[in-house]
Amino acid sequence: MENGNYPYPYPYPYGYPPPDPASRPPYPHQNPYNPTPFPQSYPYATPPYPSHGFPSYPPPNQPQYEPYPYPAYGQHPPEGSSSTQSNVYPPLEDLRLSDQTSSAMASPSPSFHHQPAPYAMASPSPSFHYQPSPYAMASPSQSFSYPASPQNPPSPYEQNTQIVQHQPSRLSSSGSFQSPSAPHGGSQQGQIVAYKPGKLSLKVLLLHGSLDVNVFAARNLPNKDMFSKTMTDFVGPNFLRNISGKLEQHNIPSITSDPYVTLSICNAVLGRTYVISNCENPVWNQHFYVPVAHCCSEVLFTVKDSDVVGSQLIGSVTIPAERLCDGLKIEGVYPVLLSNGKPCRRDASLHLSIQYIPAERLSMYHNGVGPGYAGVPGTYFPLRKGGKIKLYQDAHVPEGCLPDIRLGNGLSYEHGRCWEDISSAIKQARRLVYITGWSVYHLVRLVRDGLSGSATTLGDLLKLKSQEGVRVLLLVWDDPTSRNILGMRTNGLMQTHDEETARFFKHSSVKVLLCPRSAGKRHSWAKQQEVGAIYTHHQKTVIVDADAGNNYRRIVAFVGGLDLCDGRYDTPEHPVFRTLKTIHKDDYHNPTFAVTTSEGPREPWHDLHCKIEGSAAYDVLRNFEERWVKSSKRHGIKKLKKFDDSLLMVDRIPDIIGLEGSVSHRDGDPETWHVQIFRSIDSNSVKGFPKDPKEATSKSLVCGKNVLIDMSIHTAYVTAIRAAQHFIYIENQYFIGSSYNWDSYKDLGANNLIPMEIALKIVKKIKANERFSAYIVLPMWPEGDPKSQPMQRILFWQKKTMQMMYETVYNALVEEGLDHKYGPQDYLNFFCLGNREAVDGNNTCNLSSQNAPNALSFQNRRFMIYVHSKGMIVDDEYVIVGSANINQRSMEGARDTEIAMGAFQPYHSWSEKPHGPRGQVYGYRMSLWAEHLGFVEEIFSQPESLECTVRLRTVGEMNWAQFASDQVTEMRGHLLKYPVMVDKTGKVSALPDCKEFPDVGGPIVGSIIGPFLGPAESVAI
């Protein structure tokens, strides 16, 4: 039993002792020519047996949600009822008000060869041991068995239902659990997990795919409203009932529950209906299509009453995971139960349907991305064809800095110069320059290599363009810790310069909108404070108009991880000390140290960015417009002005090409791109989401409490990982997720699927005897002091994520008998970046304390390269670049606001190039590896191969040894093996000879300092 919820749809409605087996009725599906007689007085599909011809909802010619004729579940029909059914114990499978299995999936299409889910348990033995419900038994210890026979077959949920003693167990790759009592590395197939003594146990299975869920309606829910309950206690129920009746006569709603339903697995909420106010018979008709990668025993539907602060539990419905594994659709009306297994109210029920679609049924899961790929389904913005993408690494790549990389067309890959291109695009704009940022600093210089205009700051450039008549708008996150009140100025903890930039443009025609992260007025005061203090607007975009020829203009957008602020300008050399008096003069940034000095070290910065041309750029523009309209909403006396006229009506400017005419490349062009825009954002941050939550599904949005959410970035990552056939390469600032599958702290709330999806992809390839590699590059430690409590927590959660993935891979190797031949790191490796410079002239530090962390770093001439990237490359054919980190803050949608793009070249895919694509995505990855490694080898063209995996890991280990050595030497490459030890069983621990970060200190594997804060840990995940 999980969360105290009864594992089956509802408790047994028959008393103890059980009836004689001979009197047990046949299964309703046993003889289609002799259907089970249903009492005529029953409403549609009510107990005790399921209807196998479930009508459409609501049932025809019936008032919606008639009360059940029986006084309570399991009681006999009243005298005079047409039912002659005796009170006998029904099969466990039939214990629900109504439950039908659709035949829609029973006969798959000819192109699909149906196979059982690969992670389903082994078939249980024919014999079974049955344990009845505690509500149908004298004591938990008593049990009985029905003999299996052709006339009396066992229900699939009666087989192997013996109670087993719960022991700490480890997840195997197949979805079963490994018991400590099992042979080393083995798994107990078909093992049952007992929740509480005396209650039935359920199999724990892996659900890897998607759940197609409909929550239709509920009826007869109890009144959980606190005000109503208080009044009932005070004046009595009869008086309040009379008052409610009079109110309803005048169309004034009575005060009762505000119900909604959550869909969850392993305490991870996957979906949520909207709230219906003051209704005990709510109708949602809401659809969910959610990805799952969970080992679970049940899917839980929880009905709650929304309150001003939090919510109250009304009841729940559970669907055993074993019911779903055949992939058939299940639909029914289920009683809503309390945690003790009793109905929350007489006749309270929930009508829902659910279908599990294994990932193996998706064609892309086996074939990857190709010319026919239609993009990530169920997203706010569709796939746009005929675009053009330019990919960037770092803010600037000097000429000749990186080696020449040849593409499949014989041309050389062009290394982009991000900030130089942004500066040029702003200078050439004629109509608009729109910028969003977590931080925008007016004093930053975009061009620094001695070219014309390299001394111009961003602020001066934007003022100049505004004076030329260009509409310049800046949408910048308003850091709540930076304020300017009555001349009292605070810079803010995050040093975003938001107030400084706003002051700089105050008396110019450049309009700056400081936008706080708001939870919305419909949330509680406490929730508003939490969201405003913890979460941010994290998008980084620049949108301009550009020349389209023939005196026309078009929209071009820049999207990625680079903010236009201090500390971001860097090159692939990533200098630590040598440029402090040249290109990084007046641009020192290193938040690791409490005391800063111009002597360094600076914090080298590595990032990913991109330029988008074509239809997708207009989606980036639309995102800006939706955010601007929402943020510029007027309050107080400013409401007298009817609207904000800052935004240009682009569709009314005749010389700007519209969305339909913005295609950069036509079909058939081998260099064309297909591009899709994704977001993590909610309706508190954008204007344009439907006000009626019933329309959320039509806009591919999900519901939160009093908010609609676009979480398509998470969907895009999951879809791309599932499509991977050969390798995955990730660079990201954070890597925390899938906490529901950790060995502890499962309820942390870092429920994004990305780490688990990568692990399961490797498992799938191991079982298919195919090669696959995953490379993940992270910062050595989070930005800040690695000894501090927040940083240690992040490092600890990151270590938990790594270990979960490694152990899952190891279990797969054991099950396939390959654990003596391969190890987890032959498939999965984590790296970080660092640099070390040889002594160049004077190496005397002027700090008073020679043992200070920055003094030690100065003496040892080393520091990490901060990985701020947010990108992923899959199979050299698909790339994601944006602002979103791989953690819950960025992926949930209701926390930090994010934007990203996913793109591919349809003529540079594995389906078109069987020997491997050699398009722009391939060139981008090879360019990144050349930067990190300092060289290029032919084996890098086969990143999935074991030889390539071992080569990168070996080079990373050698580079780490050079970085951590007491001897100061110049480093050729920057790629370091992440400094943890991974044993052959996947356990992650500190290196024996280096448990803390060099110079700066702090345990590398992190720690929990202070009490575990549960949901309050959201700031670190």
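Rules behind the numbers
- Residues numbered from 1 in each chain as written.
- Predicted model: local features only at pLDDT ≥ 70, side-chain atom pairs only at ≥ 80, totals over all residues.
- Heavy atoms only, no water.
- Helix = DSSP H or I, 4+ residues; strand = E, 2+ residues; numbered from the N terminus.
- Buried < 20%, exposed > 50% of the residue type's maximum accessible area, 1.4 Å probe, protein only.
- Areas by Shrake-Rupley, 256 points an atom, 1.4 Å probe, with all protein chains shown as cover.
- Axes fitted to C-alpha atoms, helices over the stretch in contact; angles between N-to-C directions.
- Parallel < 35°, antiparallel > 145°, perpendicular 65-115°, else oblique.
- Contact = heavy atoms within 4.5 Å.
- Nonpolar A, V, L, I, M, F, W, Y, C, P; charged D, E, K, R; others polar.
- Phe/Tyr/Trp six-rings, centres within 6.5 Å; stacked < 30°, edge-to-face > 60°.
- pLDDT = per-residue confidence, 0-100.
- Core = buried A, V, L, I, M, F, W, Y, C linked by side-chain atoms within 4.5 Å.
- Arc of directions from axis to C-beta.
- Pairing = 2+ DSSP bridges.
- Salt bridge = Lys/Arg side-chain N within 4 Å of Asp/Glu carboxyl O.
- Right-handed = clockwise from strand over helix to strand, strands pointing away.

> Could you give an account of the overall build of the chain, naming the residues involved and the relevant values?
From N to C terminus, the chain includes 15 helices and 37 strands. Across the 1021 residues in the chain, those meeting the buried criterion constitute 59%. Accessible area of the chain: about 40300 Å², with a carbon and sulfur share of 53%.

> Outline the packing of helix 9 (residues 712–723) against helix 10 (residues 754–767), listing residues and values.
Relative orientation of the contacting elements helix 9 and helix 10 amounts to 5°, with a least axis distance of 9 Å. Taken as axis vectors, helix 9 and helix 10 run roughly parallel relative to one another. Along the contact surface, helix 9 presents His-714, Tyr-717, Val-718, Ile-721 and Arg-722, while helix 10 presents Ile-754, Glu-757, Ile-758 and Lys-761. Its residues assigned to classes, the contact of helix 9 with helix 10 comprises five nonpolar, one polar and three charged.

> For the packing of aromatic side chains, give the residues involved together with the corresponding values.
Using the criterion set out here, one finds 28 aromatic pairs in the structure. With 5.3 Å between their ring centres and 55° between their planes, Tyr-380 and Phe-689 make a pair best called tilted. Here Tyr-380 is found in the loop between helix 3 (363–367) and strand 14 (384–393), whereas its partner Phe-689 is found in the loop between strand 24 (673–682) and strand 25 (702–704), with 309 residues between them in sequence. By relative accessible area, which is 9% here, Tyr-380 ends up buried. Take Phe-689: its relative accessible area is 8%, and that puts it in the buried class.

> Let's hear about the confidence of the model for the chain: which residues, and what values?
A residue-level look at the chain finds 73% of positions with pLDDT of 70 or above and a mean pLDDT of 79. Predicted confidence for residues 1–171 stays below pLDDT 50, and this span has 372 contacts to residues more than four positions away or in other chains. Segment residues 173–199: pLDDT under 50, and 98 contacts once partners within four positions in sequence are set aside and those in other chains are kept.

> I'd love a proper account of the nonpolar core, names of residues and values included.
Counting residues in hydrophobic clusters, the biggest one holds 232 residues, and the most contacted among them are Phe-301, Leu-350, Ile-612, Ile-758 and Met-901. Ranked by the residues each element gives to this core, the list is headed by helix 11 (residues 789–815), at twelve residues. Dropping the residues within four chain positions of it, Met-901 is found in contact with Ile-389, Leu-391, Cys-610, Ile-612, Val-675, Gln-676, Ile-677, Phe-678, Val-879, Ile-880 and Val-881.

> Give me the lowdown on helix 5 (residues 458–467), citing residues and values where you can.
Every buried residue belonging to helix 5 is among Leu-458, Gly-459, Leu-461, Leu-462, Lys-465 and Ser-466, and all of these are buried. Taken end-on, helix 5 shows its buried residues confined to a sector of 165°, consistent with a single buried face. For helix 5, the secondary structure elements touched by its buried residues are helix 4 (418–428), strand 15 (432–437), strand 16 (471–477) and helix 6 (498–504).

> Lay out the sheet that holds strand 8 (residues 268–272) in plain terms, naming residues and giving numbers.
One open sheet accounts for four strands, arranged 8-7-10-11; its pairing is antiparallel. At either end of the open sheet lies a strand with only one pairing partner, and these are strand 8 and strand 11 (311–320). The sheet shows a mean angle of 30° between the axes of neighbouring strands, direction not considered.

> Before we move on, could you go through the pattern of salt bridges and cite the residues and values that matter?
Under the criterion given, the structure shown has 35 salt bridges. Arg-346 is the salt-bridge partner of Asp-347, the closest N and O atoms lying 3.6 Å from each other. Owing to a relative accessible area of 4%, Asp-347 belongs among the buried residues under this scheme. A salt bridge links Lys-390 to Asp-421, with the shortest nitrogen-to-oxygen separation between them at 3.0 Å. Taken together, the residues span a long stretch of sequence, with Lys-390 in strand 14 and Asp-421 in helix 4 at a distance of 31 residues. Of the residues examined, Lys-390 reaches a relative accessible area of 24% and is grouped as partly exposed. For Asp-421, a relative accessible area of 18% translates into the label buried. Taken together, the shared-partner salt bridges in this structure form one network comprising Arg-622, Glu-626, Arg-679 and Asp-710.

> Requested: an account of the pairing of strand 28 (residues 773–777), with residues and values cited.
Most of strand 28 is tucked away: five of the five residues are buried. Side chains of strand 28 alternate between two faces, with Ser-773, Tyr-775 and Val-777 and Ala-774 and Ile-776 buried alike. One ladder, built from five bridges, connects strand 27 (residues 727–732) with strand 28; its direction is parallel. Looking at the pairing, Phe-727 lines up with Ser-773 of strand 28. On the question of chirality, the crossover connecting strand 27 to the parallel strand 28 by way of helix 10 is right-handed. By the bridge criterion, four bridges tie strand 28 to strand 29 (residues 828–836) in an arrangement that is parallel. Each residue of the ladder has a partner; that of Tyr-775, found in strand 29, is Asn-829.

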